[in-house]
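# Coordinates in review
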Amino acid sequence: MSLQTLHEGRWLKLVADGRWEYVVRTHVVEAVAIVAVNSQSELLLVEQFRVPLGRPCIELPAGLVGDEAEHVGEGLDVAASRELLEETGYQAQRLEALCSGPSSAGLTSEVIHFFRAVNVQRVHAGGGVAGENITLHEVPLDGIVRWLAAKTAAGVMLDYKIYVALHFLRAGEKPLAAPTGH
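We now turn to the structure provided with this report. (Residues numbered from 1 in each chain as written. Predicted model: local features only at pLDDT ≥ 70, side-chain atom pairs only at ≥ 80, totals over all residues. Heavy atoms only, no water.)

### Overview of the nonpolar core
The tendency in soluble globular proteins is for nonpolar side chains to be buried side by side. In plain terms, the rule: By nonpolar core is meant a set of buried Ala, Val, Leu, Ile, Met, Phe, Trp, Tyr and Cys residues that side-chain atoms within 4.5 Å join together. Relative accessibility thresholds used throughout: buried, under 20% of the residue-type maximum; exposed, over 50%; partly exposed, between the two (1.4 Å probe, protein chains only). Strands are runs of DSSP state E lasting at least two residues, helices are runs of H or I lasting at least four, and both sets are numbered from the N terminus onward.
One finds Leu-45, Leu-60, Phe-114, Leu-148 and Ile-162 to be the most contacted residues of the largest nonpolar core, which totals 23 residues. Breaking this core down by element, the ones donating at least two residues are β4 (30-36), β5 (42-50), β7 (62-64), β8 (90-102), β9 (111-122), α2 (144-153) and α3 (161-169). When residues in this core are grouped by element, the largest group, four residues, is from α3. Counting residues in hydrophobic clusters, the runner-up holds 15 residues, among them Val-65, Leu-84, Ala-92 and Val-120.

### Some points on the layout of surface pockets
Which entries qualify depends on this criterion: Lining residues are defined by having an atom within 4 Å of a point belonging to a cavity or pocket. Those points lie on a 1 Å grid over the protein atoms alone, cavities being sets where a 1.4 Å probe fits but cannot get out and pockets being open sets with protein on both sides within 12 Å along at least five of seven lines. Grid points are joined across faces, edges and corners, and a volume is the space filled by probe spheres set on the points. Ten residue types, Ala, Val, Leu, Ile, Met, Phe, Trp, Tyr, Cys and Pro, are classed as nonpolar, four, Asp, Glu, Lys and Arg, as charged, and the remainder, Gly among them, as polar.
Roughly 1,200 Å³ of internal volume is contained in the largest pocket. Arg-25, Gln-48, Arg-50, Gly-63 and Leu-64 are, among the 38 residues lining the largest pocket, the residues nearest its centre. When contributions to the lining of the largest pocket are tallied by element, the ones reaching two or more residues are β4, β5, β6 (55-59), β7 and α1 (76-88). Taken together, the residues of the lining of the largest pocket break down into 17 nonpolar, seven polar and 14 charged. Taken as a whole, the second largest pocket spans an internal volume of roughly 240 Å³.

### Things to note about the environment of Glu-83
Quick note on the threshold: Throughout, a contact is declared for two residues whenever any of their heavy atoms are within 4.5 Å. In the analysis that follows, any N or O atom pair within 3.5 Å is treated as a polar contact, provided that within protein one partner can donate a hydrogen and the other can accept it, and provided that, for residues neighboring in sequence, both atoms belong to side chains.
Of note, Glu-83 is situated in helix α1. Taking C-alpha positions, Glu-83 is 22 Å from Leu-53, a pair spaced 30 residues apart along the chain. Residue contacts for Glu-83: discarding those within four places in its chain leaves Val-32, Ile-34, Ala-62, Gly-63 and Leu-64. Polar side-chain contacts of Glu-83 include one of 2.9 Å to the side chain of Arg-82.

### Topic: unusual backbone geometry
Of note, the phi angle at Ser-41 is positive, near 60°, even though the residue is not glycine. Here Ser-41 shows up in the loop between β4 and β5. A residue is classified by how much of its surface remains accessible, and Ser-41, at 43% relative accessible area, is partly exposed. In this structure, Asn-133 takes a positive phi of about 50° despite not being glycine. Residue position: Asn-133 is located in the loop between β9 and β10 (135-140).

### Quick notes on the sheet that holds β9
What counts, and what does not: One requirement defines pairing of two strands: DSSP has to find at least two bridges between them. Whenever a helix is involved, its axis is fitted only over the stretch in contact; in every case the axis is a line through C-alpha atoms, and angles between N-to-C directions fall within 0 to 180 degrees.
Read from one edge of the open sheet, four strands run β7-β4-β9-β8, paired in mixed fashion. The open sheet terminates on both sides in strands that have one partner only, identified here as β7 and β8. In this sheet, adjacent strand axes meet at a mean angle of 25° when their direction is disregarded. Bridging between β8 and β9 involves 11 bridges; their strand directions are antiparallel. Counted as the bridge partner of Cys-99 is Phe-114 from β9.

### Considering the side chain of Glu-110
Locating Glu-110 in the fold gives a position in the loop between β8 and β9. A polar contact of 3.0 Å, which involves the side chain of Glu-110, links it to the side chain of Ser-103.

### Observations regarding the state of the cysteines
In protein chemistry, a disulfide is the covalent bond that joins the sulfur atoms of two cysteines. As a reminder, the rule being used: Criterion for a disulfide: a pair of cysteine sulfur atoms at a distance within 2.5 Å.
Applying the stated criterion across every chain, the model contains zero disulfides. The cysteine Cys-99 is free of any disulfide, with Cys-57 supplying the nearest cysteine sulfur at 18 Å. Given the relative accessible area of 9%, Cys-99 is considered buried.

That's the geometry; what it means functionally is another story.
See the structure below:
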């Protein structure tokens, strides 16, 4: 089968491969997500309004790899460090690769690479880049399930990647596989 472009916008392209339709990003295909816990045993989460959902969503700090001209060609760990700092104001002493996987295997070709941030220190307020309007939540691990349930009850969406983070934060969990480029 040959790949057919059905529609192309500035950032996304809808394609068909035979009867299968899916979305590809026009500039990048990889993203990073960061599992970061501060010295007070609080998981760093971010909240922002997501237009496709029509409401706020709580997520891990995350972002695209090489999405801006000044970031083209950056490594996965560099992108993870940059996104953590931009969104949360925290800087990690080092990053550990955890796993990689598709964000939605039937919908897009995008792959997400998970990293654990080690020894994070707050260096500024965070909040993302212009227009993102990100709110940082420092959520105590003791009680995080109740906190997440309360957010859901209040109508806030929760990104599934939070549960991936909680899996890796359980005692004794080891990385499944190191992220590799797409």
